[in-house]
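Per-entry structural report
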2 protein chains.
Amino acid sequence: MKTKVSLDENSKSRRTFLTNMTAAITAISLSPISSFSQSLNLPNRNAQNGKLTLGMVVFEGFELLDAFGPLQMFGILRDKVSIVIIGEKGETVKSNAGPVLKLDYTFSTAPKIDIVMIPGGIGTRREVNNEAFLTAFKALADAAPKVATICTGSAVLAKTGLLDGHKATTNKLAYAWATSQSDKVGWIPEARWVEDGKFFTSSGISAGIDMALGLIANMFGKDTAVRVANVAEYVWNDDPLNDPFAKMNGLIK
Amino acid sequence: MKTKVSLDENSKSRRTFLTNMTAAITAISLSPISSFSQSLNLPNRNAQNGKLTLGMVVFEGFELLDAFGPLQMFGILRDKVSIVIIGEKGETVKSNAGPVLKLDYTFSTAPKIDIVMIPGGIGTRREVNNEAFLTAFKALADAAPKVATICTGSAVLAKTGLLDGHKATTNKLAYAWATSQSDKVGWIPEARWVEDGKFFTSSGISAGIDMALGLIANMFGKDTAVRVANVAEYVWNDDPLNDPFAKMNGLIK
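Residues numbered from 1 in each chain as written. Chains lettered and ligands numbered in written order. Predicted model: local features only at pLDDT ≥ 70, side-chain atom pairs only at ≥ 80, totals over all residues. Heavy atoms only, no water.

By the naming in an unreviewed UniProt entry, chain A goes by DJ-1/PfpI family protein and is assigned to Mucilaginibacter sabulilitoris.

A few words now on the overall build of chain A. Within chain A one finds 11 helices and 11 strands. When burial is assessed residue by residue, chain A has 60% of its 253 residues classed as buried. Residue pairs at least 24 apart in sequence account for 65% of intrachain contacts in chain A once pairs closer than 6 positions are excluded. (Helix = DSSP H or I, 4+ residues; strand = E, 2+ residues; numbered from the N terminus. Buried < 20%, exposed > 50% of the residue type's maximum accessible area, 1.4 Å probe, protein only. Contact = heavy atoms within 4.5 Å.)

Moving on to the layout of surface pockets. By volume, the second largest pocket is sized at about 320 Å³. As for the second largest pocket, its lining consists of 17 residues, and the residues nearest its centre are A:Tyr234, A:Val235, B:Tyr234, B:Val235 and B:Asn237. Broken down by class, the residue content of the lining of the second largest pocket amounts to nine nonpolar, four polar and four charged. (1 Å grid on protein atoms, 1.4 Å probe; cavity = no way out; pocket = protein on both sides within 12 Å on 5 of 7 lines; lining within 4 Å. Points joined across faces, edges and corners; volume = space filled by probe spheres on them. Nonpolar A, V, L, I, M, F, W, Y, C, P; charged D, E, K, R; others polar.)

A separate point is the pairing of strand E11 (residues 199–202) of chain B. All names here are of chain B. Where burial is concerned, the two faces of E11 agree: the one with Phe199 and Thr201 and the one with Phe200 and Ser202 are both buried. Where strand E10 (residues 193–196) meets E11, four bridges bridge the pair, whose relative direction is antiparallel. By the bridge assignment, Asp196 is partnered in E11 with Phe199. Between E10 and E11, which pair antiparallel one after the other, the connecting turn spans two residues, and Gly197 there sits at a positive phi close to 65 degrees. (Pairing = 2+ DSSP bridges.)

The next subject is the packing of aromatic side chains. Across all of its chains, the model carries 11 aromatic pairs over all chains by this definition. A ring pair is formed by A:Phe68 and B:Phe68, whose centres lie 3.9 Å apart and whose planes are at 10 degrees; its orientation type is stacked. Within this pair, whereas A:Phe68 is found in helix H4 (residues 64–75), its partner B:Phe68 is found in helix H4 (residues 64–75), the two belonging to separate chains. Both residues of the pair, A:Phe68 and B:Phe68, count as buried. (Phe/Tyr/Trp six-rings, centres within 6.5 Å; stacked < 30°, edge-to-face > 60°.)

A few words on the sheet that holds strand E6 (residues 115–118) of chain A. Residues and elements named next belong to chain A. Pairing in this open sheet of seven strands is mixed, and the strands run E5-E2-E1-E6-E7-E11-E10 from one edge to the other. The open sheet has two free edges, formed respectively by strand E5 (105–106) and strand E10 (193–196), since each of these has just one partner strand. Of the strand pairs in this sheet, strand E2 (residues 81–87) and E5 are connected by two bridges, and their pairing is parallel. When the sheet's bridge partners are listed, Gly87 is paired in E5 with Thr106. Of the strands in this sheet, strand E1 (52–57), E2, E6 and strand E7 (146–149) touch helix H6 (residues 131–142), which is tilted by about 145 degrees from E6. (Axes fitted to C-alpha atoms, helices over the stretch in contact; angles between N-to-C directions.)

In this structure the tally under the stated criterion is 10 salt bridges over all chains. Taking the shortest distance from any N to any O, the salt bridge between A:Asp183 and A:Lys184 comes out at 4.0 Å. The pair formed by A:Asp183 and A:Lys184 is uniform in burial state, with each residue classed as exposed. Among the salt bridges present, the one from B:Asp210 reaches B:Arg192, with a minimum N-O distance of 2.7 Å. Separated by 18 residues along the polypeptide, B:Asp210 in helix H9 (residues 207–220) and B:Arg192 in the loop between strand E9 (186–187) and E10 bring together distant segments of the chain. Under the relative-accessibility criterion, B:Asp210 is labelled buried at 1%. Taking relative accessible area as the criterion, B:Arg192 reaches 3% and is therefore assigned buried. (Salt bridge = Lys/Arg side-chain N within 4 Å of Asp/Glu carboxyl O.)

To continue, consider H9(B). An ideal rise of 1.5 Å per residue puts 20 Å on 14 residues; H9(B) measures up with 20 Å between its terminal C-alpha atoms. Following H9(B) by one or two positions, B:Gly221 adopts a phi angle in the positive range, close to 100 degrees. (Expected span 1.5 Å × (residues − 1).)

Here the focus is the sheet that holds E11(B). Residues and elements named next belong to chain B. Spatially, the seven strands line up as an open sheet ordered E5-E2-E1-E6-E7-E11-E10, and their pairing is mixed. Edge positions in the open sheet fall to strand E5 (105–106) and E10, since each of these has one partner strand only. Here helix H7 (residues 153–160) sits on the sheet and contacts strand E6 (115–118), strand E7 (146–149) and E11; the angle it forms with E7, its principal contact strand, is near 130 degrees. Across the sheet, H9 touches strand E1 (52–57), strand E2 (81–87), E6, E7, E10 and E11, and the angle it forms with E11 is around 160 degrees.

Using the residue numbers shown here, the UniProt feature "domain: DJ-1/PfpI" (unreviewed entry) corresponds to residues 56–216 of chain A. Between the end C-alpha atoms of residues 56–216 of chain A the distance is 15 Å, and the span holds 32% helix and 23% strand. (UniProt positions renumbered as here; feature names shortened; annotations may be inferred.)

This brings us to the environment of A:Glu233. By the element assignment, A:Glu233 lies in the loop between helix H10 (222–231) and helix H11 (244–248). Setting aside chain neighbours within four positions, we find A:Glu233 in contact with B:Asn171, B:Lys172, B:Leu173, B:Arg192, B:Ser203, B:Gly204, B:Ser206 and B:Phe245. Within polar-contact distance, the side chain of A:Glu233 engages the side chain of B:Ser203 at 2.3 Å. (Polar contact = N/O pair within 3.5 Å; in protein donor to acceptor, adjacent residues only side chain to side chain.)

So, on to the environment of B:Val116. Residues and elements named next belong to chain B. The residue Val116 is located in strand E6 in this model. The class for Val116 is buried, based on a relative accessible area of 0%. When the C-alpha atoms of Val116 and Phe199 are compared, they prove to be 9.7 Å apart, with 83 residues separating the residues in sequence. Not counting residues within four places of it along the chain, the set of residues in contact with Val116 comprises Gly55, Val57, Phe137, Leu140, Ala141, Ala144, Lys146, Val147 and Ala148.

Our next topic: the pairing of E7(B). Residue and element names in this part refer to chain B. Burial of the side chains of E7 extends over both faces: Lys146 and Ala148 are buried on one face and Val147 and Thr149 on the other. The pairing of E6 with E7 spans four bridges and is classified as parallel. If you follow Ile118 over to E7, its bridge partner there is Thr149. Pairing between E7 and E11: three bridges, direction parallel. What sits directly across from Ala148, in E11, is Phe200.

Further remarks concern the packing of H4(A) against helix H9 (residues 207–220) of chain A. All names here are of chain A. It is the contact of H4 with H9, at a shortest axis distance of 8 Å, that shows an interaxial angle of 35 degrees. For the element pair H4 and H9, the recorded crossing hand is right-handed. Of the residues in H9, those touching H4 at Leu65, Gly69, Pro70, Met73 and Phe74 are Gly208, Ile209, Ala212, Leu213, Leu215, Ile216, Met219 and Phe220. When the residues that make up the contact of H4 with H9 are grouped by side-chain class, the tally is 11 nonpolar, two polar and no charged. (Left-handed = near helix turned anticlockwise from the far one by under 90°.)

What follows is the structure in structure tokens.
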């Protein structure tokens with residue numbers, strides 16, 4: 001997007017613009033994907049285009065920002081990451097707020113995914129009891145080098161058993177329900193997001209944006225995460241322990 | 001979503017939960033839509049269900065968070081607002097990052113809209129030169145009681161002439177290009193968002209979330225906006241003049 005803009009820029013602001021472009025371009029050209037892939041031991045499933053594949057798993061009643069906040073941040077790294085939308089079946093999925101998203105793949109047709117993500121939303125109340133969804137999602141997440149959940153998406157991952165023995169967090173307004181999906185997870189009430197091995201879990205709705213930048217920092221370096229946040233004009237809460245909503249919702253004193 | 005959660009809540013957290021629910025329910029039950037509609041002189045296009053209609057106008061290459069940040073916030077007010085997705089033609093629209101969104105209406109089939117919104121994205125570079133899009137979008141926005149633009153969506157609205165004589169802002173990284181679409185707009189370089197009459201215009205990408213909460217405050221009261229932000233676990237930058245990205249991008253000293 002930014003390089004296209006330069007065609008339209010007037011000379012008056014060209015210096016400012018080029019400065020911005022340098023930052024943006026530096027952000028997306030850090031750590032070439034090949035060496036990055038090897039260094040993190042990540043399989044590169046799109047070797048032909050040199051990108052990693054991020055698969056967002058959606059379902060009827062997913063929460064919009066849970067999915068599209070993180071996808072915005074990774075979308076800015078389009079030179080490093082391809083985004084695909086995955087569902088259990090059918091061709092489209094309706095969000096909790098109404099907008100309908102087209103699926104790129106179902107669980108049965110999806111390629112191997114480097115970064116598996118799942119949002120929350122009212123639909124999680126159904127999917128934690130949907131054995132077909134849980135089995136297919138567990139297989140996809142188990143095979144992925146990185147797995148990230150947003151909001152009550154943590155409850156679905158917990159229900160698969162993959163979070164057993166791991167630390168994790170989830171939505172603070174639906175905390176009791178989400179954490180009740182597994183007593184084998186080290187649930188952390190006061191956390192914007194939690195990193196534990198390959199698993200990144202976030203608090204509610206907008207927290208997925210901060211977690212996504214944390215995952216970008218983990219994979220591409222903090223400079224890249226900061227530059228992505230700046231391109232999105234987003235003031236990143238980069239402290240995973242900075243979570244004002246745990247106390248607001250009575251989870252801590 | 002929250003009321004459903006209550007079915008799953010355990011008694012241990014019921015008191016906390018009910019407190020949260022009270023806040024959430026209070027948020028969405030303030031100012032009944034009928035009296036609200038009359039008080040703001042807003043046509044209620046969905047009288048049968050007592051809701052206002054928010055129409056998000058999308059196009060190939062729209063920026064994900066520009067659209068879905070504001071739709072998340074208004075989606076939490078689902079008792080007051082229905083969300084529809086509108087495009088120029090066809091059945092789907094592909095975002096800049098890849099995900100494909102289904103259209104509910106085209107410009108020619110869309111109902112009257114109470115709140116018209118348009119995101120930014122690389123596709124705006126095409127639409128500012130698309131007379132068919134500009135003419136139909138201008139008619140939709142001209143007839144709407146509220147019009148909000150995110151990021152370089154401001155450039156498209158400016159190109160229609162509807163912003164002539166109004167104050168507005170836009171993306172700070174693409175500021176020179178966006179503001180070059182009209183010299184009759186009072187462009188403000190340092191602003192998270194700008195309110196001028198029925199027009200709400202925001203800075204880049206994530207700024208649309210802060211503007212959307214500002215629009216909710218304008219329409220439903222600030223208490224409702226604060227409660228919506230809390231449900232989304234979002235720390236709202238509620239000061240339209242608090243814009244760190246103007247200086248970062250060299251637009252002010």
